[in-house]
2 protein chains.
Amino acid sequence: MNAGPRSHPPVRVRRMGLHAQHQAIAVMRTDCPACQSEGLTARSHVLVRAGEKSIQAELFQVDTDLLPIGDIGLSQAAWELLDVNEGDEVFVSHPPPLNSLSHIRRRIYGGRFERAGLDAIIKDVVARRYTDVHLAAFLTASAVPPLNLEETIDLTAAMIAVGEKLSWDRRIVIDKHCIGGLAGNRTTPIVVAIAAANGLVMPKTSSRAITSPAGTADTMETLAPVNLDISSMRRVVNKEGGCIVWGGAVQLSPADDIFIRVERDLDIDTEGQLVASVLSKKIAAGSTHVVVDIPVGATAKIRTEEAAESLAARLIAVGQHFGLAVTCLQTDGSQPVGRGIGPALEAHDVLAVLQNSPGAPTDLRDRAAALAGAALEIGGVVSAGGGFTRALTTLESGAAWEKFRRICIAQGGMRAPGVATHVLAVRAERDGVVRSIDNRNLSRVAKLAGAPRSAISGVFLKVRLADLVAAGDTLFEIHAAMASELSYTAEFLTTIGPVIQLGE
Amino acid sequence: MNAGPRSHPPVRVRRMGLHAQHQAIAVMRTDCPACQSEGLTARSHVLVRAGEKSIQAELFQVDTDLLPIGDIGLSQAAWELLDVNEGDEVFVSHPPPLNSLSHIRRRIYGGRFERAGLDAIIKDVVARRYTDVHLAAFLTASAVPPLNLEETIDLTAAMIAVGEKLSWDRRIVIDKHCIGGLAGNRTTPIVVAIAAANGLVMPKTSSRAITSPAGTADTMETLAPVNLDISSMRRVVNKEGGCIVWGGAVQLSPADDIFIRVERDLDIDTEGQLVASVLSKKIAAGSTHVVVDIPVGATAKIRTEEAAESLAARLIAVGQHFGLAVTCLQTDGSQPVGRGIGPALEAHDVLAVLQNSPGAPTDLRDRAAALAGAALEIGGVVSAGGGFTRALTTLESGAAWEKFRRICIAQGGMRAPGVATHVLAVRAERDGVVRSIDNRNLSRVAKLAGAPRSAISGVFLKVRLADLVAAGDTLFEIHAAMASELSYTAEFLTTIGPVIQLGE
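All values reported here derive from a predicted model rather than from experimental measurement.

Here we look at the overall build of chain A
Here comes step 1: Helix and strand content of chain A: 18 helices and 18 strands.
Here comes step 2: For chain A, whose C-alpha radius of gyration is 25 Å, the value lies close to the compact-globule estimate of 23 Å for 504 residues.
Here comes step 3: With the principal axes as the frame, chain A shows a C-alpha extent of 75 × 55 × 45 Å.
Here comes step 4: Among the 504 residues that make up chain A, the fraction classed as buried is 59%.
Here comes step 5: The contacts in chain A between residues at least 6 apart in sequence include a share of 79% that link residues at least 24 apart.
Here comes step 6: Just so you have it, chain A exposes about 18,500 Å², and 51% of that area is on carbon and sulfur atoms.
Here comes step 7: Averaging the positions of the 50 positive and the 54 negative side-chain charges in chain A gives two centres separated by 4 Å.

Examining unusual backbone geometry
Here comes step 1: Omega for the peptide link from Val144 of chain B to Pro145 of chain B comes to -15°, which places this bond in the cis form.
Here comes step 2: Within the secondary structure, Pro145 of chain B sits in the loop between α5 (132-141) and α6 (149-161).
Here comes step 3: For Ala466 of chain A, which is not glycine, the phi dihedral falls at a positive 80°.
Here comes step 4: By relative accessible area, which is 58% here, Ala466 of chain A ends up exposed.
Here comes step 5: Residue Gln251 of chain B is not a glycine yet carries a positive backbone phi of 55°.
Here comes step 6: Here Gln251 of chain B lies in the loop between β9 (242-246) and α10 (254-266).

Digging into the interface of chain A and chain B
Interface size is commonly expressed as the accessible surface area that is lost when the partners come together.
Here comes step 1: The interface is formed by 60 residues belonging to chain A together with 60 residues belonging to chain B.
Here comes step 2: Counting the surface lost from both chain A and chain B, the interface buries some 5,400 Å², and carbon and sulfur atoms represent 58% of this.
Here comes step 3: Viewed at the interface, chain B and chain A are joined by four salt bridges.
Here comes step 4: In this structure, Arg43 of chain B and Asp132 of chain A form a salt bridge, with 2.2 Å as the shortest nitrogen-oxygen distance.
Here comes step 5: Linking chain A with chain B are 22 residue pairs in polar contact (both at pLDDT 80 or more).
Here comes step 6: Element by element, the count of residues in the side of chain A that touches chain B is highest for helix α5 (residues 132-143) of chain A, at eight residues.

Quick word on the sheet that holds strand β11 (residues 325-332) of chain A
All names here are of chain A.
Here comes step 1: The strand order across the open sheet formed by three strands is β7-β10-β11, and the pairing between neighbours is parallel. Each having just a single partner strand, β7 (174-178) and β11 make up the two edges of the open sheet. Strand-to-strand twist of the sheet, defined as the mean angle between neighbouring strand axes without regard to direction, takes the value 20°.
Here comes step 2: Two strands pair when backbone bridges link them, and β7 and strand β10 (residues 289-296) are joined in this way by five bridges, in the parallel orientation. Looking at β10, one finds that Asp175 is bridged to Val290.
Here comes step 3: Each of β7, β10 and β11 touches helix α11 (residues 271-284); the most contacted strand, β7, lies at about 160° to it.

Here's the deal with the packing of aromatic side chains
Here comes step 1: In the structure shown here, the tally under the stated rule is five aromatic pairs over all chains.
Here comes step 2: Chaining the aromatic ring pairs together yields one cluster made of Phe113, Phe138 and Phe259 of chain A.
Here comes step 3: Arg208 of chain A extends its terminal NZ or CZ atom over the ring of Trp246 of chain A, reaching a point 4.7 Å from the ring centre.
Here comes step 4: For Arg234 of chain B, the ring lying beneath its charged end belongs to Trp168 of chain B, and the centroid distance is 4.9 Å.

Examining the relation of the copies chain A and chain B
Relating the two copies of this chain is a rotation about some axis coupled with a shift parallel to it.
Here comes step 1: Rotating chain A by 179° and moving it 0.0 Å along the rotation axis overlays it on chain B with an RMSD of 0.1 Å. The transformation just described matches what one would write down for a two-fold rotation axis.
Here comes step 2: By residue overlap, the copies meet face to face through one surface: 100% of the interface positions of chain A are interface positions in chain B.

Things to note about the domain arrangement of chain A
Residue and element names in this part refer to chain A.
Here comes step 1: According to the domain assignment, chain A contains domain 1 (11-93), domain 2 (174-411) and domain 3 (422-503).
Here comes step 2: Domain 2 puts 24 residues into the contact, and the matching count from domain 3 is 19 residues.
Here comes step 3: For the pairing of domain 2 and domain 3, the buried interface totals around 1,700 Å² over both sides, and the portion due to carbon and sulfur atoms is 57%.
Here comes step 4: Between the two partners, domain 2 and domain 3, sit one salt bridge.
Here comes step 5: A salt bridge links Asp363 to Arg464; its shortest N-O distance comes to 2.8 Å.
Here comes step 6: Mapped onto the side of domain 2 that touches domain 3, the elements with two or more residues apiece are β12 (340-341) and α13 (343-354).
Here comes step 7: With three residues, the top contributor of residues to the side of domain 2 that touches domain 3 is α13.
Here comes step 8: Split into classes, the residues belonging to the side of domain 2 that touches domain 3 amount to ten nonpolar, ten polar and four charged.

Some points on the pattern of salt bridges
Residues and elements named next belong to chain A.
Here comes step 1: By the definition in use, this model includes 64 salt bridges over all chains.
Here comes step 2: Asp175 is paired through a salt bridge with Lys204; the nearest N and O atoms lie 3.8 Å apart. Taken together, the residues span a long stretch of sequence, with Asp175 in strand β7 and Lys204 in strand β8 (residues 202-206) at a distance of 29 residues. Both residues of the pair, Asp175 and Lys204, count as buried.

Here we look at the sheet that holds strand β14 (residues 432-437) of chain A
Here comes step 1: Read across the open sheet, the three strands follow the order β16-β14-β18 (chain A); overall the sheet is antiparallel. Both edges of this open sheet fall to β16 (468-469) and β18 (500-503) of chain A, since each of them pairs with a single strand only.

About the cut-offs
Residues numbered from 1 in each chain as written. Chains lettered and ligands numbered in written order. Predicted model: local features only at pLDDT ≥ 70, side-chain atom pairs only at ≥ 80, totals over all residues. Heavy atoms only, no water. Helix = DSSP H or I, 4+ residues; strand = E, 2+ residues; numbered from the N terminus. Rg over C-alpha atoms; globule rule 2.2 N^0.38 Å. Buried < 20%, exposed > 50% of the residue type's maximum accessible area, 1.4 Å probe, protein only. Contact = heavy atoms within 4.5 Å. Areas by Shrake-Rupley, 256 points an atom, 1.4 Å probe, with all protein chains shown as cover. Lys, Arg positive; Asp, Glu negative; His and termini not counted. Charge placed at Lys NZ, Arg CZ, Asp CG, Glu CD. Buried area = accessible area lost by both parts, 1.4 Å probe. Salt bridge = Lys/Arg side-chain N within 4 Å of Asp/Glu carboxyl O. Polar contact = N/O pair within 3.5 Å; in protein donor to acceptor, adjacent residues only side chain to side chain. Pairing = 2+ DSSP bridges. Axes fitted to C-alpha atoms, helices over the stretch in contact; angles between N-to-C directions. Phe/Tyr/Trp six-rings, centres within 6.5 Å; stacked < 30°, edge-to-face > 60°. Lys NZ or Arg CZ within 6 Å of the ring centre and 35° of its normal. Least-squares fit on C-alpha atoms with pLDDT ≥ 70 in both. Domains from an automatic or database assignment. Nonpolar A, V, L, I, M, F, W, Y, C, P; charged D, E, K, R; others polar.

Below, the structure is given as structure tokens:
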């Protein structure tokens, strides 16, 4: 049943404080007259209408006094989308048919997506009309067979169409992106500082952690405010040439934010979805040039050079269609970057590089300089081949640090990242050479210690691949805000194999 | 994070009376120490352990006093699976990895399912370890490319393996199935009565309505109890040769019950899933022969003869593998069968046919006789070609009615289906010939009037295709239990096009 008359009585809305990520959930009594007259049962999809606004939600029912009869409880996402006040009257009915599903069915039965179909799908996704069932079917159907170039372009365009768009009155606007999967790879703040110090414009939006111990926005937040709206972001960029802010407040590609959770649950990453996800945000951000870091390694997201080349080719082709110049750099993805894993610990690494501190992690410095160098070359600051050296010079002269400091101040004031009060050293049990470092388990340890919820928590790595260690040397430290978290994490370590393997 | 130490404190369990169909949901406070120490966030998957039992659930969080800190609320499905009492202590942690997803990923990336993979998937599905995201991905990945014969056989076997199995000490055990989509097609009680009256064994389990105004179990329940457990069902069949009971109490293919909702949400029906769904139940029920009714029509589930033939071939081939003889009948799917749509209204049609009442719907009688005839032929009661006549004789002699009455008594007592107190006639606005009857909208009208929740509600059809009607003649009646439902349904009728179209 897809439509119904509107004569049934209204129900009163209640904020339940129910958090279910993006999911819009409505809760009603099993014996509620509105449910009975509409024939609504648990897991029905319902349309909830408040004045001119309406949302679609999944209906759960309760047979207890959790709610009075005649009330409807809303999950936080539904509450915010509907923009109501406690006790407001709303109307509940069957939602209109989800016609965009026909495009998914067509692809399941052997067809291809077309622009109009993808537009309809993405519009319904952003309007929260897709349940998990629909989202998973769309993402799976997009994977078999893989999206072709035309479909990837159309999907990118559809994702851009439903979000905010930024524009900058500049001929060249630089962006960067990392294809993830490598702990501690926090080059963004350094790249932005170097690029802006050289006169380039780089309005960078970054994400918070979803499954990792820290996202760039989490790390940056230990150094300066990152929750800037579009006008504040514009002010910072006009003043300093660059910024590093949280993208969540800017809504450049709202469909992507919804897909990410489902992709993570399925643990499928398809090239087409990845390309549309990355490029829709860059294009919506008004970028003209983007440098993409593709770490390649056994425990990174991209495992082979061939996969990296295929991804790079698709990124470049789709970017070209939208007038976005894409430069891809394959980088070493065999071990974490820098020493810190966790927001504040990574911020200390970033500061060490920017401030030319003795002992600053050279791998983080060199990766950032390579990416910044590519930006300087495509931005016309230096000619081809001269970028890396210029980037290092910008760091060594203190110009990058000065620019970073000014960006932090413009974003609302510079902060000192905290230091953990509880630290536990994990030591080598024998002499040996570091043969492997388990990226994934290190991330798990950092998360159990509290990252990113607790910004000062995480892991501080003391060794790198091929280092010689003696029995009793510290391999890594666990940093935590509470003693209980430390002991909890230490106990976890005993349940898994060695995170750092030593050989002869 | 897939594992963790078990040293964290237990939480107290609360029944929330939250109905979300099969979904296992756990609700905890955002600020609950167990959530914080495990790094659990909204929509995390959690393992809830109570003594030796454990379930997996999806975590929702609340920031209100809906729950005290340290408590965990469970949805009804979770509560029943975990089998706990209010206030029991349970442990919450990250679930073990869902390894069976790798088989889905392999198929997405171009592989095929194998028996071991399907076994692992179906086991996890029945253990409620699959969320909607996983279920939708499995069903979508099963559709592209379509399951081949071997995969369909393996899926059928995997679905049988996780459910109950019945066995009958008889050489021939008859079953029937209808591929749905046709309102009022309530042949089952008549077919069982005719078959059993002729000495065949037919232990029939039927479903309740999911999206339709009545399932066979709903209709049968207006005539006799249908919630029989396996031993009661066995007693009825041993005594009378047949039964018509609700399959939900028997758990013959529990995975199918979980897939149905997701398939409905996606509105995709794939041949492989359909075949595995139908046959897994028949094989688990111990049947040796099954007659399948495949209605073909523009608004039925199967729309062309070719599609019906392809489906029949696959049903026969898979059945053969399991030693189940499948006979398929293509039938007319162009209009509803009989006159009633809704549990009691359909029961009146069934009784009229069994009792040879004047004006009994001949289309229902002839369809039932054709299906029963096929059963009589494959059951060896009559030779090929003699089934239809024998079935009609069994009806006309009163033997089928007598057998049906005895089955009802054996199931717990015969009842009279009720009659609606509120009836509204929908009349022709002009003279004309009935050109089309909208199956789908008639079902919607019946559901809005209260079916199947209210057994006496529904639609009573007064005309059939090609009938001549005069202005003012009743086209159909709406039956309801309350005046408000009647006016509500009547109002709905004004918002849609004509349900019955008249031509010159």
